[in-house]
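Here is what each chain is made of, one letter per residue.
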Amino acid sequence: MTPPVTAVIAFGSNLGESTDTIRLAAERLSRHPGIASLRLSPLYRTAPVGYTDQPDFVNAAALIETTLDAYALLSLLHTVEQDAGRERSFRNAPRTLDLDIIDYGGQTKDDPALTLPHPRAHLRAFVMRPLADIAPDYPLPGHGSARDLAETLGTDGITPLTEAV
């Protein structure tokens with residue numbers, strides 16, 4: 001049996017019932033036989049990046065233990081996105097669900113299907129702040145810990161959500 005690998009997944013949504021969509025996606029992933037554990041961060045409301053003429057996002061991060069290889073995990077994430085109604089109309093378009101592999105066991109990959117670690121994660125507070133909540137010392141290869149990156153990026157445009165929202 002393949003030993004589990006620790007991976008980080010970023011969650012985002014700004015169409016439909018985003019909070020529910022993220023929670024349901026995390027639940028679905030946690031039930032997959034190739035995922036041994038999933039720890040979801042608190043949720044945040046965040047300003048859009050890139051294409052800004054769209055609603056705010058709800059974002060979270062999850063730390064998982066998986067026996068899936070990186071490509072099988074990516075395929076699973078795409079299936080969950082598609083099942084949630086994801087349409088890829090243009091880069092940074094509004095979306096019902098966006099799931100990205102941020103890190104996969106500290107591996108580095110740079111091919112057309114998958115780049116690891118995620119090439120822009122270290123620049124995004126909406127990824128680093130939630131990750132720092134659940135794994136502050138998690139090292140993003142070549143960039144430092146989640147806590148240090150979150151502190152450097154600050155909190156502009158990112159607001160914690162409460163259960164009442």
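Residues numbered from 1 in each chain as written. Predicted model: local features only at pLDDT ≥ 70, side-chain atom pairs only at ≥ 80, totals over all residues. Heavy atoms only, no water.

### Thoughts on helix H2 (residues 70-83)
Right, so step 1: For H2, spanning 14 residues, the distance from its first C-alpha to its last is 20 Å, which sits close to the expected 20 Å at 1.5 Å a residue.
Right, so step 2: Among the residues of H2, those classed as buried are Ala70, Leu73, Leu74, Leu76, Leu77, Val80 and Glu81. Along H2, the residues classed as buried sweep out an arc of 160° about the axis, all on the same side. Turned more than 90 degrees off the buried face of H2, the exposed positions are Gln82 and Asp83.
Right, so step 3: By the N-cap criterion, in which a side-chain oxygen at the helix start approaches the backbone nitrogen of a residue two or three places on, H2 is capped by Asp69, the distance to Tyr71 being 3.0 Å.
Right, so step 4: Just past H2, the residue Gly85 takes up positive phi, approximately 95°. (Helix = DSSP H or I, 4+ residues; strand = E, 2+ residues; numbered from the N terminus. Expected span 1.5 Å × (residues − 1). Buried < 20%, exposed > 50% of the residue type's maximum accessible area, 1.4 Å probe, protein only. Arc of directions from axis to C-beta. Polar contact = N/O pair within 3.5 Å; in protein donor to acceptor, adjacent residues only side chain to side chain.)

### Focus: the packing of helix H1 (residues 18-31) against H2
Right, so step 1: The interhelical angle for the contact between H1 and H2, taken along N-to-C directions, is 140°, at an axis separation of 11 Å. Between H1 and H2, the angle falls in the class oblique. You can see that H1 and H2 cross each other, and the crossing is right-handed. Contacts between H1 and H2 involve Ala25, Arg28 and Leu29 from the first element and Leu76, Leu77, Thr79, Val80 and Asp83 from the second.
Right, so step 2: Here the contact of H1 with H2 is built from residues that sort into five nonpolar, one polar and two charged. (Axes fitted to C-alpha atoms, helices over the stretch in contact; angles between N-to-C directions. Parallel < 35°, antiparallel > 145°, perpendicular 65-115°, else oblique. Left-handed = near helix turned anticlockwise from the far one by under 90°. Contact = heavy atoms within 4.5 Å. Nonpolar A, V, L, I, M, F, W, Y, C, P; charged D, E, K, R; others polar.)

### Some remarks on the nonpolar core
Right, so step 1: Counting 28 residues, the largest nonpolar core has Ile9, Phe11, Leu73, Ile101 and Tyr104 as the members making the most contacts within it.
Right, so step 2: Every element with two or more residues in this core is listed here: strand E1 (5-13), H1, strand E4 (57-66), H2 and strand E5 (98-104).
Right, so step 3: Looking at this core, the element that brings in the most residues is H2, giving six residues.
Right, so step 4: Apart from the residues within four sequence positions on either side, Ile9 is in contact with Ala60, Ala61, Ala62, Ile64, Leu73, Leu77, Leu99, Asp100, Ile101 and Ile102.
Right, so step 5: Leu63, Ala121, Val127 and Ala135 belong to the second-largest nonpolar core, a separate cluster that totals 17 residues. (Core = buried A, V, L, I, M, F, W, Y, C linked by side-chain atoms within 4.5 Å.)

### So, the side chain of Asn14
Right, so step 1: If you trace the backbone, Asn14 turns up in the loop between E1 and H1.
Right, so step 2: Among the polar contacts listed, one links the side chain of Asn14 to the side chain of Gln54, at a separation of 2.9 Å.
Right, so step 3: Within the structure, the side chain of Asn14 is placed 2.8 Å from the backbone nitrogen of Arg95, a separation counted as a polar contact.
Right, so step 4: Each residue touching Asn14, except ones within four places of it in the same chain, is listed here: Gln54, Pro55, Asp56, Phe57, Pro94 and Arg95.

### Digging into the packing of helix H3 (residues 125-134) against helix H4 (residues 146-153)
Right, so step 1: The geometry of H3 relative to H4 is characterised by a closest axis approach of 8 Å and an angle of 135° between their N-to-C directions. Taken together, the axis directions place H3 and H4 in an arrangement best described as oblique. For the element pair H3 and H4, the recorded crossing hand is left-handed. Across the interface between the two elements, Ala125, Met128, Arg129, Leu131 and Ala132 from H3 touch Ala146, Arg147, Leu149, Ala150 and Leu153 from H4.
Right, so step 2: Here the residues of the contact of H3 with H4 sort into eight nonpolar, no polar and two charged.

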